[in-house]
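Here is how the chains run, residue by residue.
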Amino acid sequence: MGDGICEIAIDGLPSVARQAPPRIDPVNQLDEDGQMVAIPEEPYSIKRWQVFCIIFVILGAFGGVVYFIVLPIKSYKPPSVLKPKPGDPSRPFTDATPEIPKEYPWEQQRIPNDLQPYEYRLTLRLDVTKHVYSGSLVINLRCYHPTEYIILDIQDVRISDNLVSVIDLSTGKIQPVADTFQVSDRRTRYIISVADKLRVGSIYRANITTFTGRVTAEPPGLYTAMHRARRGRDRRMIVSGLKPTGARHVFPCMDDPAMKATFDVIIEHPSDQTALTSSPSESTTTLPNGWVRETFYRTSKLSTHLLGFALFEGMTELERFSSRGQVVRVWSAFDPTSSPAAEVALNTTLDAISNIKDLLGLDYLLQKTDVLPVPGQIVPYDVYSGLLMVRDTLLFCDVDDSSIRDQLQCAMALNHAVAHYWFGISVTAAWWSDLWVTEALSTELAYESLACHFPELSMDPIQLVESVLPAFLYDGHSETRSLNSEAWTETLDGSEKIVMSGKGLTILKMVRSIVYDSSYMRAKKTILASYGTINTSQLWDTLSQATDSFVNVSLVMNNWVSNAGYPYVTLRQTVEDNGARRIYIIQEPFSYFLTSRSTLHWNIPVAYKTKEQSDARVLWLNDSVKNISDDSPMGEWVLGKVDSNGFYRVNYGPGNWKLLSDQLLTNHTVFDVSTRASLIDDAFNLARASRLLIPTALDLTRYLDKEDDYVPWKAALRALHYLLTVLSKSQSYNSLKAYISNKVVVAMRRYKIQEDVIRRRLLYSELFEAACRYGDTNARKTAIELFRKWRTRRQRIDPDIRKSVLQEGIASGGQSEWNFVWRKYNSSSTTSPQDRQLFLTVLASSQQDYILYRYLGWTKDGFNIRREDVPLVFRSMADTVAGRELAWKFVFGNWRELQQRFADTPSIQEEILRSVSSQMTSGYELKQLRQLKELIDIPRLRRILERAEEQTDLHIRWLAGNEKYVSDWLGETDV
Ligand SMILES: *[C@@H]1O[C@H](CO)[C@@H](O)[C@H](O)[C@H]1NC(C)=O
Ligand SMILES: *[C@@H]1O[C@H](CO)[C@@H](O)[C@H](O)[C@H]1NC(C)=O
Ligand SMILES: *[C@@H]1O[C@H](CO)[C@@H](O)[C@H](O)[C@H]1NC(C)=O
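Keep in mind the model is a prediction, meaning the values are calculated, not measured.

**Student:** A description of the overall build of the chain should follow, citing residues and the corresponding values.
**Tutor:** Secondary structure summary: the chain contains 28 helices and 30 strands in total. Buried positions account for 58% of the 975 residues belonging to the chain. Sequence-distant contacts, at least 24 apart, represent 70% of the contacts inside the chain between residues at least 6 apart. For the chain, the exposed area adds up to about 39,500 Å²; of that, 52% sits on carbon and sulfur atoms.

**Student:** Residue-level account of the packing of helix 7 (residues 404-419) against helix 8 (residues 435-453), with values.
**Tutor:** Running from amino to carboxyl end, helix 7 crosses helix 8 at an angle of 130 degrees, the nearest separation of the two axes being 8 Å. Between helix 7 and helix 8, the interaxial angle falls into the category oblique. Here helix 7 and helix 8 pass one another in a crossing that is right-handed. Note on element contacts: helix 8 touches helix 7 through Glu439, Ser442, Thr443, Leu445, Ala446, Tyr447, Ser449, Leu450 and His453, opposite Leu408, Ala411, Met412, Asn415, His416 and Ala419.

**Student:** Account for the environment of Pro340, naming residues and giving values.
**Tutor:** When you line up the elements, Pro340 lands in the loop between strand 18 (327-332) and helix 5 (341-360). Through-space distance from the C-alpha of Pro340 to that of Val399 is 8.2 Å; in sequence the pair is 59 residues apart.

**Student:** Tell me about the pairing of strand 26 (residues 604-610), and name the residues and values.
**Tutor:** Across a regular strand the side chains alternate sides, sitting on one face of the sheet and then on the other. Within strand 26, 7 of the 7 residues are buried, which leaves it mostly tucked inside the rest of the structure. Side chains of strand 26 alternate between two faces, with Ile604, Val606, Tyr608 and Thr610 and Pro605, Ala607 and Lys609 buried alike. The sheet contact formed by strand 26 and strand 27 (residues 617-621) spans 5 bridges and is antiparallel. What sits directly across from Ile604, in strand 27, is Leu621. Pairing analysis gives 3 bridges linking strand 26 to strand 29 (residues 638-640), with the strands arranged antiparallel. Note that in strand 29 the partner of Lys609 across the bridge is Leu639.

**Student:** Which residues make up the pattern of salt bridges, and what are the values?
**Tutor:** Summed over the entire model, instances satisfying the criterion amount to 61 salt bridges. The network of salt bridges with shared partners includes Glu444, Glu448, Arg512, Asp517 and Lys524.

**Student:** Explain the site of ligand 3 to me, using residue names and the numbers behind them.
**Tutor:** Contacts to ligand 3 come from Asn667, Thr669 and Val670. At 2.4 Å, a side-chain N or O of Asn667 approaches an oxygen atom of ligand 3. With respect to ligand 3, the side chain of Thr669 contributes an N or O atom lying 3.4 Å from an oxygen atom. Bound to the protein, ligand 3 loses 26% of the 360 Å² it would expose on its own.

**Student:** Please give an account of helix 25 (residues 881-901) that cites residues and values.
**Tutor:** Along helix 25, the sharpest change in direction is near 80 degrees and occurs at Asn894. For helix 25, the set of buried residues is Gly883, Arg884, Leu886, Ala887, Trp888, Phe890, Val891, Asn894, Trp895, Leu898, Gln899 and Arg901. Those residues of helix 25 that are buried lie in contact with helix 16 (710-726), helix 23 (849-861), helix 24 (870-878), helix 26 (906-917), helix 27 (923-935) and helix 28 (939-972).

**Student:** Could you give an account of the sheet that holds strand 17 (residues 316-321), naming the residues involved and the relevant values?
**Tutor:** Think of a sheet as strands paired side by side through backbone hydrogen bonds, with each pair either parallel or antiparallel. Within the open sheet, the 5 strands sit side by side as 17-18-19-21-20. Their pairing is mixed. Two strands bound the open sheet, and with one partner strand each, they are strand 17 and strand 20 (381-384). Each adjacent strand pair in this sheet contributes to an overall mean axis angle of 15 degrees, direction not counted. Two strands pair when backbone bridges link them, and strand 19 (residues 368-374) and strand 21 (residues 387-391) are joined in this way by 5 bridges, in the parallel orientation. Its bridge partner lying in strand 21, Val374 is registered against Arg391.

**Student:** Got a sec to walk through the side chain of Asp127? Specific residues and values, please.
**Tutor:** Inspection of the secondary structure assignment puts Asp127 in the loop between strand 1 (115-125) and strand 2 (132-143). One polar contact links the side chain of Asp127 to the main-chain amide nitrogen of Thr129, over a distance of 3.0 Å. A polar side-chain atom of Asp127 sits 3.0 Å from a polar atom in the side chain of Gln273. In this structure, Asp127 is in contact with Ile238, Pro270, Gln273, Trp291 and Leu311, ignoring residues within four places of it in sequence.

**Student:** Mind laying out the packing of aromatic side chains, listing which residues take part and the relevant values?
**Tutor:** Aromatic rings in a pair are described by how distant their centres are and how their planes are angled relative to each other. Here the structure, examined in full by the defined rule, presents 36 aromatic pairs. Between the aromatic rings of Phe251 and Phe263, the centroid separation amounts to 6.4 Å while the plane-to-plane angle is 80 degrees, which identifies the pairing as edge-to-face. In this pair, Phe251 is assigned in the loop between helix 4 (247-250) and strand 12 (262-270) and Phe263 in strand 12, connecting sequence segments 12 residues apart. Each of the two residues, Phe251 as well as Phe263, counts as buried. With 5.3 Å between their ring centres and 35 degrees between their planes, Trp822 and Tyr825 make a pair best called tilted. Taken together, the positions of Trp822 and Tyr825, both in helix 21 (residues 815-826) and 3 residues apart, correspond to about one turn of that helix. Residue classification places Trp822 among the buried residues on the basis of a relative accessible area of 10%. Using a relative accessible area of 0% as the deciding quantity, one classes Tyr825 as buried. By way of ring pairs, the aromatic residues Phe472, Tyr566, Tyr568, Phe590, Tyr592 and Phe647 are connected into one cluster. When the ring centre of Tyr118 is taken as origin, the NZ or CZ atom of Arg142, which lies over that ring, is 4.5 Å away. Just above the ring of Tyr648 sits the side chain of Lys641; from NZ or CZ to the centre is 5.9 Å.

**Student:** Mind laying out the sheet that holds strand 27, listing which residues take part and the relevant values?
**Tutor:** Reading across from one edge, 27-26-29 is the order of the 3 strands in this open sheet, with antiparallel pairing throughout. Looking at strand neighbours, the two that pair on one side only are strand 27 and strand 29, the edges of this open sheet. The mean inter-strand angle of the sheet, taken between neighbouring strand axes irrespective of direction, is 30 degrees.

**Student:** Residue-level account of unusual backbone geometry, with values.
**Tutor:** In this structure, the amide linkage connecting Pro219 to the following residue, Pro220, adopts the cis form with an omega of 5 degrees. Residue placement: Pro220 occurs in the loop between strand 9 (203-214) and strand 10 (221-227). The omega angle of the peptide bond from Lys243 to Pro244 is -5 degrees, so this bond is cis rather than trans. Structurally, Pro244 can be placed in the loop between strand 11 (235-241) and helix 4. Even without being a glycine, Lys641 presents a positive backbone phi close to 50 degrees. A relative accessible area of 4% means that Lys641 is categorised as buried. Unlike most non-glycine residues, Ser690 shows phi in positive territory, near 60 degrees. Structurally, Ser690 can be placed in the loop between helix 14 (673-688) and helix 15 (694-699). The class of Ser690 is partly exposed, set by a relative accessible area of 41%.

**Student:** Talk me through the packing of helix 16 against helix 18 (residues 758-773); I want residue IDs and the actual numbers.
**Tutor:** Between helix 16 and helix 18, the least distance of the axes is 9 Å, while the angle of their chain directions is 25 degrees. By the angle class used here, helix 16 and helix 18 are roughly parallel. Crossing hand, helix 16 versus helix 18: left-handed. Along its contact with helix 16, which presents Tyr710, Val711, Trp713, Lys714, Leu717 and His721, the element helix 18 presents Arg759, Leu762, Leu763, Glu766, Leu767, Ala770 and Arg773. Of the residues belonging to the contact of helix 16 with helix 18, the class tally is 8 nonpolar, 1 polar and 4 charged.

**Student:** Give a detailed account of the pairing of strand 16 (residues 309-312), specifying residues and quantitative values.
**Tutor:** Neither face of strand 16 is left uncovered, since the one carrying Phe309 and Leu311 and the one carrying Ala310 and Phe312 both have all their residues buried. Both strand 13 (residues 274-277) and strand 16 contribute to a ladder of 4 bridges, which runs antiparallel. Directly across from Thr274, in strand 16, lies its bridge partner Phe312.

Cut-offs applied
- Residues numbered from 1 in each chain as written.
- Chains lettered and ligands numbered in written order.
- Predicted model: local features only at pLDDT ≥ 70, side-chain atom pairs only at ≥ 80, totals over all residues.
- Heavy atoms only, no water.
- Helix = DSSP H or I, 4+ residues; strand = E, 2+ residues; numbered from the N terminus.
- Buried < 20%, exposed > 50% of the residue type's maximum accessible area, 1.4 Å probe, protein only.
- Contact = heavy atoms within 4.5 Å.
- Areas by Shrake-Rupley, 256 points an atom, 1.4 Å probe, with all protein chains shown as cover.
- Axes fitted to C-alpha atoms, helices over the stretch in contact; angles between N-to-C directions.
- Parallel < 35°, antiparallel > 145°, perpendicular 65-115°, else oblique.
- Left-handed = near helix turned anticlockwise from the far one by under 90°.
- Pairing = 2+ DSSP bridges.
- Salt bridge = Lys/Arg side-chain N within 4 Å of Asp/Glu carboxyl O.
- Near = heavy atom within 4 Å.
- Polar contact = N/O pair within 3.5 Å; in protein donor to acceptor, adjacent residues only side chain to side chain.
- Bend = angle between axes of the 7 residues up to and from the residue.
- Phe/Tyr/Trp six-rings, centres within 6.5 Å; stacked < 30°, edge-to-face > 60°.
- Lys NZ or Arg CZ within 6 Å of the ring centre and 35° of its normal.
- Nonpolar A, V, L, I, M, F, W, Y, C, P; charged D, E, K, R; others polar.

See the structure below:
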């Protein structure tokens, strides 16, 4: 009834006046800090008729009308005609919340496909200085099953209910709207209920004349970011953060990746701001008030989460056209001609496009690609069709001024972002539980293309140490999820993404070794050629078909996707009573926590070999245990997971571990670099999980002084760093440091700074850092001297060792050294986001408590340290022995204030807690953790602390059991 009145009032007026009547909207009244502010003015002035309309409505006799306009989101009472339908047991809820019977179609997790959108027309009115925006939307839908409901996903967006209409485009007739309502228990949905059932085969248009939304401080949805300008005020930007389900925070939509449609976007914005979306701009018309209306070309068919938006001020672009007229633009807040960094980014993007095009033999079809730096972006890169948003510190790398490590990271980010065009945009995961498919395929593609970029770097080992080993680490925790978990629909954080790429990548490698390269390539081509969206079983089926159904891939691989975590396999050599020698191969789920034993099991292709064999043999371990006869010569090692190909860890009996470490000592090159890295990583992590005695793992490091490769060194230094963190209060701490430092120094002697081979540069940089960190006097002296020359004579420091040099300079210095670097961080001549990140990191290495405490204090005031930089300060602090305790004390004592300052950026609160709480080792700290938890009622934050408790408890028990082993081992070993 309510909409009827306003419909009549409006229908007689010219269409330009069809604006939402202004109303008291609680959303509009809170600004970023939760302060009350005036309702921002709409870009159009309010027409007199609207005032009349409001007065009419308010004075109207219908109390319900007032209720309806003032509180447009009313709770829904089911109409009596609707009989509850039986629940749908085939789609169980995944959460622990009590089961809600699924009576109504909008309660289903996925929007029913009775109606499918094929075209959206979306207008947004945005201004970087405002925290609210408005928009209008038309959705054209095709009807596949009769229904009386048009169901849309919506979150924190408000629709003026009285301005919604539906037209049958087949007949041109208006389809009367019976009711509109919003439901919000587990997910919020907006439902347009029509008077007559929509008919199969017809097409309909839902027209939502006005909706309003908020620009927040972080994703999901549209959020603000800030570029630090060289001079003058900072430049603001609004960007979208839409994965996994952020699109519904921007506009009402059927937010399901499988429902692809075209988008015609119009963005109205102040004329001095730049708007970008997924397609090129078509035309711009001037509006009153200095605004413009910018119309963009129709996009190709996209999932809602791939339609990106950006609006910003004061950035310039560097562009280049391909031979086919496609343009790539890199935006920067600095003058792109002043530094080669923007051109490097442009070249890297163009190279990635052409490399992948050649690798796949498939074209890149986007007319334009914008690459946009986003300061403080939570994910390293956020990919939209035609719009790549990259964290600013990962975008701008200068060949002369960035360390080789940063260059590798930057190239990796851009190559992966570009690879998503093929796996992500052209072929989209059909649902969030299938996201791993496109993540894994695009990661694989990114490494292949990175190999073209760095031809002298062999990618398999790099992939292992950069993507796979970190995935093992995160996936070993107790709250890890399976790759196909439905929970990805709700969240997807950084470490989860690491698991998805690294584990997914390894699963693909396992598949590839089963079906062979040619079938694998054929399957990939089929997917690219014939799928718009893909789910897990389609991936398996395509792979099986590529082998002519010789292998049932789903049967052998699916438990890698549906089980959380991963197994460890033990190879145990035994002698039976009759003298026969056998190898028992046993699988068990791996976890760092003893309590989480489960009955999961995997089909594992265990590739193993003995010293005598040149080729690996493969055993399918589909039971919990199998045994084979051991025909290796007595006293020779057996190695599992040959080629490091498999997402499992391998354990052995003590005798075999000894043979392996002896082999490393006599001739380590018998094992390839990936195997060396895997052996070390497996051993230390098995020891961390109390599945192996720590001396056995330590034995594997004895050969390290001979190690010449970056990859095993990186794996070893990571493992040892963790071990030292746990041992930081123990008596063995200093002797273990000395032991590592000796190994590092011997290896480092073989190299010099400025090696010309990339691997050696990577290695040198790693070793130099370790030498300083673990207290080698010579390395530290060198670093301090370089720091002095840099400070007094502006002498350049080689970028590969800059971090270590600055850290030593700060650590050995006092107030004035610290202030010097702090000024550098603030200096207007520092353009590079990477430099600013570097300065902030090294400032945490001071050894003076009062300096560190002041530094920490600045994270609260919102003046000295920018909001997006705060997590980095805590992270760097938690990375040093001196800083770790101080940072925890600070957070413990100031939690309320921190929480207040970061009230609208929960991700920063999470990051702070995670950084300072994850490396504790004492009962006292455990008590404090529990105390802090009492103060916190946000579930995500509590979970971080619970995880920290679990971790701390593990450390305490581990130390009790192993501290003595370490000191005994150090006593017996030459240090
Ligand atoms: C949607 O409705 C508005 C207001 O009723 C009207 O001005 C506009 O033309 C409609 N859009 C389409 C595409 O029908
Ligand atoms: C980028 O590529 C162009 C054309 O290939 C080349 O001339 C230019 O030197 C490259 N720039 C940088 C910084 O590598
Ligand atoms: C070490 O092993 C490698 C690979 O098996 C072999 O080529 C090399 O000659 C061996 N070196 C020594 C010193 O035995």
